[in-house]
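Below, each chain spelled out in residue letters.
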Amino acid sequence: MRKFAENRGNLPLIAQILLPVLVTFLCAGIVLLCGIRPFEKVQTYLRVAFMDSSGTSTVSGGTPGLQIVETEIDTDYDGETSTEGAAVIPRYGSQYAIIEAKSIELYAPVYWGGGAELLERGACQTPASAAFGSAGNSVVSAHVNTFFQRLDDLQTGEIVTVYTSYGKFTYEVTEEIAFDASDKSYLKKTEDDRLTMYTCEMQLFGSSKKRVGVVCKLTDRAYYIDADTQMTQQTTEGGTTVS
């Protein structure tokens, strides 16, 4: 330690001033990189692990009127299925799906709605888009520094699986996309049945005006015949039910 002090005393004055500053910036950079919030994924898994026996958990507080409902989704359903059935639209703020892409180790809850509080807990589906399994464009987004951190690693031909309380749906990546935040063309309704997933372009400092993601085509519908959807349903036209 004494030797280091002596050596430091031999450094030019400007070096003595800059050295602590550089060390401080280096340490701050390391802390920033470590703080890209992977702990939020762990928090989600812990919430799922400690749900009550009913399989649902309601969280209040935060935004007035917003009730966040976490629902246990069965990803190992082994009962009878059908290619025909009805999608179920949950109440705003409710989790109603798990989205999985094994090639990028993606496994995230999906909430019906949007906003900062829901995005802290998982991916969010735009309520104006089609419910999973129904006709049209299902649009899902999440933070790039949490659940969609590796979304831009998804490649054409890879598989994305969505599990809901009413069925399992399989999608195949057909297009890798990049667009400006102001460009809403990928988020609009479509004639074909697809899944659009997107997130912000990764930036270490500040926010990005670029979005990256994938478009996937729906390749398989497997509606559960005897599953408990855990929701009160009212049948509507178009093969969709609303809680």
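All values reported here derive from a predicted model rather than from experimental measurement. (Residues numbered from 1 in each chain as written. Predicted model: local features only at pLDDT ≥ 70, side-chain atom pairs only at ≥ 80, totals over all residues. Heavy atoms only, no water.)

Enquirer: Honestly, the pairing of strand β11 (residues 194-200) in this entry has me stumped. Any pointers?
Expert: With 5 of 7 residues buried, β11 lies mostly within the body of the structure. Across 5 bridges, strand β8 (residues 137-141) lies against β11 in parallel orientation. Among the inter-strand pairings, N137 is bridged to a residue of β11, identified as R194. With 7 bridges connecting them, β11 and strand β12 (residues 210-224) associate as antiparallel partners. (Buried < 20%, exposed > 50% of the residue type's maximum accessible area, 1.4 Å probe, protein only. Helix = DSSP H or I, 4+ residues; strand = E, 2+ residues; numbered from the N terminus. Pairing = 2+ DSSP bridges.)

Enquirer: Any chance you could explain the environment of T75 here in plain terms?
Expert: Inspection of the secondary structure puts T75 in the loop between β2 (68-71) and β3 (81-82). Classification of T75 by relative accessible area gives partly exposed; the value is 23%. Non-local contacts of T75, meaning those with residues more than four positions away in its chain, are made with I98, Y107 and Y163. (Contact = heavy atoms within 4.5 Å.)

Enquirer: Can you walk me through the nonpolar core in this structure?
Expert: The biggest cluster of nonpolar side chains holds 32 residues, and the ones touching the most others in it are F132, V160 and L195. Contributing elements (two or more residues each) for this core: β4 (87-89), β5 (95-101), β6 (106-112), β9 (159-164), β10 (167-180), β11 and β12. In this structure, V160 is in contact with I99, E100, A101, L154, F169, T170, Y171, V173, L195, M197 and C216, ignoring residues within four places of it in sequence. Ranked by size, the runner-up nonpolar core spans 6 residues in total, among them I68, Y111, L119 and C124. (Core = buried A, V, L, I, M, F, W, Y, C linked by side-chain atoms within 4.5 Å.)

Enquirer: Explain unusual backbone geometry here, please?
Expert: Glycine aside, a negative phi is what most residues show, and trans is what most peptide bonds show. Positive phi, close to 60°, is recorded for E105, a residue that is not glycine. Along the chain, E105 falls in the loop between β5 and β6.

Enquirer: Got a minute to help me understand the side chain of Q125 in this structure?
Expert: Along the polypeptide, Q125 turns up in strand β7 (residues 123-125). One polar contact links Q125 to Y96, side chain to side chain, over a distance of 2.4 Å. A distance of 3.2 Å separates a polar atom in the side chain of Q125 from a polar atom in the side chain of S129. Every residue in contact with Q125, bar those within four places of it in the chain, is listed here: Y96, V110, Y111, W112, G113, A130, A131, F132, S138, V139 and V140. (Polar contact = N/O pair within 3.5 Å; in protein donor to acceptor, adjacent residues only side chain to side chain.)

Enquirer: Help me understand the packing of aromatic side chains in this model?
Expert: The geometry of an aromatic ring pair comes down to the distance between the two centres and the angle between the two planes. Tallied over the entire structure, the rule returns 8 aromatic pairs. Aromatic side chains Y96 and W112 sit 5.6 Å apart centroid to centroid with 85° between the ring planes, which places their arrangement in the edge-to-face category. Linking Y96 in strand β5 with W112 in strand β6, this pair joins segments that are 16 residues apart in sequence. This pair shows no difference in class: Y96 is buried, exactly as W112 is. When the centroid spacing of 5.2 Å and the interplanar angle of 40° are considered together, the rings of F179 and Y186 count as tilted. The exposure class assigned to F179 is buried, which follows from its relative accessible area of 5%. Within the aromatic cluster, the residues linked to one another by ring pairs are Y96, W112 and F132. (Phe/Tyr/Trp six-rings, centres within 6.5 Å; stacked < 30°, edge-to-face > 60°.)

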